[in-house]
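# Observations on the model geometry
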Amino acid sequence: MLHHHCIDCQIKSAAAKNLNSEEFEILETNSAQVNFKKGEVIFKEGALSLNVAYLRSGIVKIHMLGPSREKILRIVKAPSYLGIPITFGNKINQYSATAIEDTSVCFIDSNYFRNFIYSNGKFAYEIIVDLCKNELKDYQRYTSQSQKQIPGLIAESLLCLSEQIYDNTHFNFPLTRSEFGDMVGTSRESVSRVLSDLSNEKIIELKGKEINILRKDLLEKISKSG
């Protein structure tokens, strides 16, 4: 656990930038920074939630247990809040968050986080904007998953990782083949087959965990055609 001065943080959220000095003192007194290694659970589905997590650095997967297998709901890149909906729900985590690379998280006492929303309109506005953006992204992803075939879903996910997570066409793939299957709703074998097809067609280049998108235009075409 690390001690820090919230008011001096260089990666404040858009919401936190609207806190005054007194509110920053409250925030600092009622938060703690914790570092997680790749693979460590940040918070677990079914456990009591007493904090809002603010992802300062790193990448995490948000995942939930289904009737027969796990479902990866979202890949989240820092900086971002995790678990805000739970703060206003029944205080039981409805999903888990796990680091998929070394990660730093600030845990904020949810009671004080709610107080900021009640008393600071600009803070509340930025939180609502963030929630709305995530909700719209979820709607778009659910629509894609219900209407696209597996190659289209995998192409879409690769483009999402490239553009929204790594901002690069060359990156280390953060998930196992099984996890990737859990994200797009298919088997590990189907993921491996489609990735091999994309590699054989010279649309992507695979080297272990490294992926290099060679023909982004063709990958976009596959994503759109489904």
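The structure reproduced in this document is the subject of the present report. (Residues numbered from 1 in each chain as written. Predicted model: local features only at pLDDT ≥ 70, side-chain atom pairs only at ≥ 80, totals over all residues. Heavy atoms only, no water.)

The subject of this paragraph is the pattern of salt bridges. This model, assessed by the stated rule, comprises nine salt bridges. A salt bridge links Glu189 to Arg188; its shortest N-O distance comes to 3.1 Å. Judged by its relative accessible area of 45%, Glu189 is partly exposed. If you follow the salt bridges from partner to partner, you end up with Lys61, Glu70 and Glu179 in one network. (Salt bridge = Lys/Arg side-chain N within 4 Å of Asp/Glu carboxyl O. Buried < 20%, exposed > 50% of the residue type's maximum accessible area, 1.4 Å probe, protein only.)

Take the sheet that holds strand E2 (residues 41–43) next. With antiparallel pairing, the four strands of this open sheet are ordered in space as E2-E7-E4-E5. Edge positions in the sheet fall to E2 and strand E5 (70–77), since each has one partner strand and no second. The average undirected angle you get between the axes of adjacent strands in this sheet is 30°. The sheet contact formed by strand E4 (residues 59–65) and E5 spans seven bridges and is antiparallel. Considered in E5, the bridge of Leu65 is made with Glu70. Packing against the sheet, helix H6 (residues 177–184) makes contact with E4 and E5, and its axis sits at approximately 95° to E5. (Pairing = 2+ DSSP bridges. Helix = DSSP H or I, 4+ residues; strand = E, 2+ residues; numbered from the N terminus. Axes fitted to C-alpha atoms, helices over the stretch in contact; angles between N-to-C directions. Contact = heavy atoms within 4.5 Å.)

Counted residue by residue, H6 has six buried out of eight residues, so it is predominantly covered. Of the positions making up H6, those classed as buried are Glu179, Phe180, Gly181, Asp182, Met183 and Val184. Where the residues of H6 are buried, they touch E4, E5, helix H4 (121–147), helix H5 (150–166) and helix H7 (188–200). Positioned one or two residues after H6, Gly185 has a phi angle of 80°, which is positive.

Moving on, we get to the side chain of Ser80. Relative to the elements of secondary structure, Ser80 occurs in strand E6 (residues 80–82). In this structure Ser80 comes out as buried when scored by relative accessible area, which is 14%. Those residues in contact with Ser80 that sit more than four places away from it in its chain are Ala53, Tyr54 and Leu55.

Here the focus is the sheet that holds E6. Reading across from one edge, E1-E8-E3-E6 is the order of the four strands in this open sheet, with antiparallel pairing throughout. The sheet is open, and its two edges are formed by strand E1 (31–36) and E6, each paired on a single side. In this sheet, adjacent strand axes meet at a mean angle of 30° when their direction is disregarded.

All right, on to helix H3 (residues 110–119) then. Listed as buried for H3 are Ser110, Phe113, Arg114, Phe116 and Ile117. Each buried residue of H3 lies within a common arc of 155° when the element is viewed along its axis, so the set occupies one face. For H3, the exposed residues lying more than 90 degrees away from the buried face are Tyr118 and Ser119. (Arc of directions from axis to C-beta.)

Before going further, it helps to examine a nonpolar patch on the surface. On the surface, Leu136, Tyr139 and Tyr142 cluster together into a nonpolar patch covering about 330 Å² of accessible area. Within the element layout of this structure, Tyr139 appears in helix H4. (Patch = residues over 30% accessible without salt bridge, like charges linked within 9 Å, V, L, I, M, F, W, Y side chains within 5 Å. Areas by Shrake-Rupley, 256 points an atom, 1.4 Å probe, with all protein chains shown as cover.)

A few words on the state of the cysteines. Joining two cysteines, a disulfide is a covalent bond between their sulfur atoms. Using the criterion set out here, one finds zero disulfides in the structure. Free cysteine Cys9: the closest other cysteine sulfur is in Cys106, separated by 6.5 Å. (Disulfide = S-S within 2.5 Å.)

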